[in-house]
Amino acid sequence: DRLEDGIALIAETLSVQKAGNGGTDPAILSLIRAHVTSHEQRKRYDCAVALQRLLVETLRRETKTDPLETATEVSRLGGDLLKLDKFDEARNELQQALETFTAKAPDNWRRWVTQTMLGTALTGLKEFDKAEPLLLEANEHLQAAIGVNASYKSNALRGLAALYKA
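Quick caveat: nothing in here was measured; it's all calculated off a predicted structure.

**Student:** Just give me the short version of the overall build of the chain, but keep the residues and values in it.
**Tutor:** Counting its secondary structure elements, the chain contains 8 helices and 0 strands. For the chain, the sequential pattern of α-helices and β-strands runs α-α-α-α-α-α-α-α. A globule of 166 residues ought to have a C-alpha radius of gyration of about 15 Å, and the chain, at 17 Å, matches this closely. Here the C-alpha coordinates of the chain stretch approximately 50 × 35 × 25 Å along the principal axes. Counting all 166 residues of the chain, 41% fall into the buried class. Accessible area for the chain stands at about 9300 Å²; split by element, carbon and sulfur atoms hold 53% of it.

Below, the structure is given as C-alpha cells:
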C-alpha cells in the first residue's frame, strides 16, 4: 500500500535525522503538518490520520516538546478520527489532549474546541450523559470567547444539536 510505504519512509527519515543530531528537525515536522492539511482539504482523512499519528508519536518521544504543542496535534488527530466516525479512537486521543489543556491552559480556546470534539465522540458512542455536560460547558465558553473562529462556535452548537437529536 502506497500510504503505508510513504509513512514508513517518513518515519525512517525522522529516525535517521534524530540519530544524527539528537533531535527532530522542525522543518520536517512542518512538512508533515502541511501534508496533513493537504489531505484534510481533500477530505482524505485516512491519509491525514496516518500522517498525524506519525507526527504525534514523534512529538511524544521528544523530551523538549511543549506539552501544549503535543496536545494541539493530538486534538487534531482526534478531530480527523471523528470525520472517519472512529469515535472510540477519537475519544481516547481527545481525552488525553483535554487533560493536558485542562492542566496547562485551562482557559485556552483550544481546550473548549477539544472538549467539543470529545463530547461529539461520546455522542457517537451513545454516551449521552457524559457528552452533554462537556458540550454545554464548551459551548458556553466558546460563545463568550472573543476572537475565536466562528467555525469553532458553530461546531459547538452542532455538537449540541446532534446530542439532542440522538
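Read on, since the account is not over.
**Student:** Account for the pattern of salt bridges, naming residues and giving values.
**Tutor:** Taken as a whole and judged by the stated rule, the model has 9 salt bridges. Between Glu 69 and Arg 33 there is a salt bridge, with the nearest N and O atoms lying 2.6 Å from each other. Of this pair, Glu 69 sits in helix 4 (residues 67–83) while Arg 33 sits in helix 2 (residues 26–41), placing them 36 residues apart in sequence. Among the charged side chains, a network of salt bridges with common partners joins Asp 88, Arg 91, Glu 127 and Lys 130.

**Student:** Can you break down a negative patch on the surface residue by residue, with the values?
**Tutor:** Together, Asp 1, Glu 4, Asp 5 and Asp 46 give the surface a local cluster of negative charge. Here Asp 46 shows up in helix 3 (residues 45–61). Note on Asp 46: relative accessible area 46%, which makes it partly exposed.

**Student:** Give a description of the layout of surface pockets that names residues and reports values.
**Tutor:** The computed volume of the largest pocket comes to approximately 810 Å³. Gly 79, Lys 83, Met 117, Tyr 152 and Asn 155 are, among the 26 residues lining the largest pocket, the residues nearest its centre. Tallied by class, the residues present in the lining of the largest pocket amount to 10 nonpolar, 9 polar and 7 charged. In this structure, the second largest pocket encloses a volume near 180 Å³. What lines the second largest pocket is simply Arg 2, Leu 3, Gly 6, Ile 7, Ile 10, His 39, Arg 44, Cys 47 and Leu 51. Mapped by element, the contributors of at least two residues to the lining of the second largest pocket are helix 1 (2–21) and helix 3.

**Student:** So what's going on with the packing of helix 6 (residues 109–124) against helix 7 (residues 128–144)? Which residues, and what values?
**Tutor:** In a pair of packed helices, the angle between the axes and the distance between the axes together describe the arrangement. Direction vectors running N to C along helix 6 and helix 7 enclose 150°, while the axes themselves pass 8 Å from each other. The orientation of helix 6 with respect to helix 7, classified from their angle, is roughly antiparallel. Considering only the axes of helix 6 and helix 7, their crossing is left-handed. Contact residues: helix 6 offers Trp 109, Arg 111, Trp 112, Val 113, Gln 115, Thr 116, Leu 118, Gly 119, Thr 120, Leu 122 and Thr 123, while helix 7 offers Phe 128, Lys 130, Ala 131, Pro 133, Leu 134, Leu 135, Glu 137, Ala 138, His 141 and Leu 142.

What counts, and where the lines are drawn
- Residues numbered from 1 in each chain as written.
- Predicted model: local features only at pLDDT ≥ 70, side-chain atom pairs only at ≥ 80, totals over all residues.
- Heavy atoms only, no water.
- Helix = DSSP H or I, 4+ residues; strand = E, 2+ residues; numbered from the N terminus.
- Rg over C-alpha atoms; globule rule 2.2 N^0.38 Å.
- Buried < 20%, exposed > 50% of the residue type's maximum accessible area, 1.4 Å probe, protein only.
- Areas by Shrake-Rupley, 256 points an atom, 1.4 Å probe, with all protein chains shown as cover.
- Salt bridge = Lys/Arg side-chain N within 4 Å of Asp/Glu carboxyl O.
- Patch = residues over 30% accessible without salt bridge, like charges linked within 9 Å, V, L, I, M, F, W, Y side chains within 5 Å.
- Lys, Arg positive; Asp, Glu negative; His and termini not counted.
- Charge placed at Lys NZ, Arg CZ, Asp CG, Glu CD.
- 1 Å grid on protein atoms, 1.4 Å probe; cavity = no way out; pocket = protein on both sides within 12 Å on 5 of 7 lines; lining within 4 Å.
- Points joined across faces, edges and corners; volume = space filled by probe spheres on them.
- Nonpolar A, V, L, I, M, F, W, Y, C, P; charged D, E, K, R; others polar.
- Axes fitted to C-alpha atoms, helices over the stretch in contact; angles between N-to-C directions.
- Parallel < 35°, antiparallel > 145°, perpendicular 65-115°, else oblique.
- Left-handed = near helix turned anticlockwise from the far one by under 90°.
- Contact = heavy atoms within 4.5 Å.

Read these as layout, nothing more, since geometry by itself doesn't imply function.
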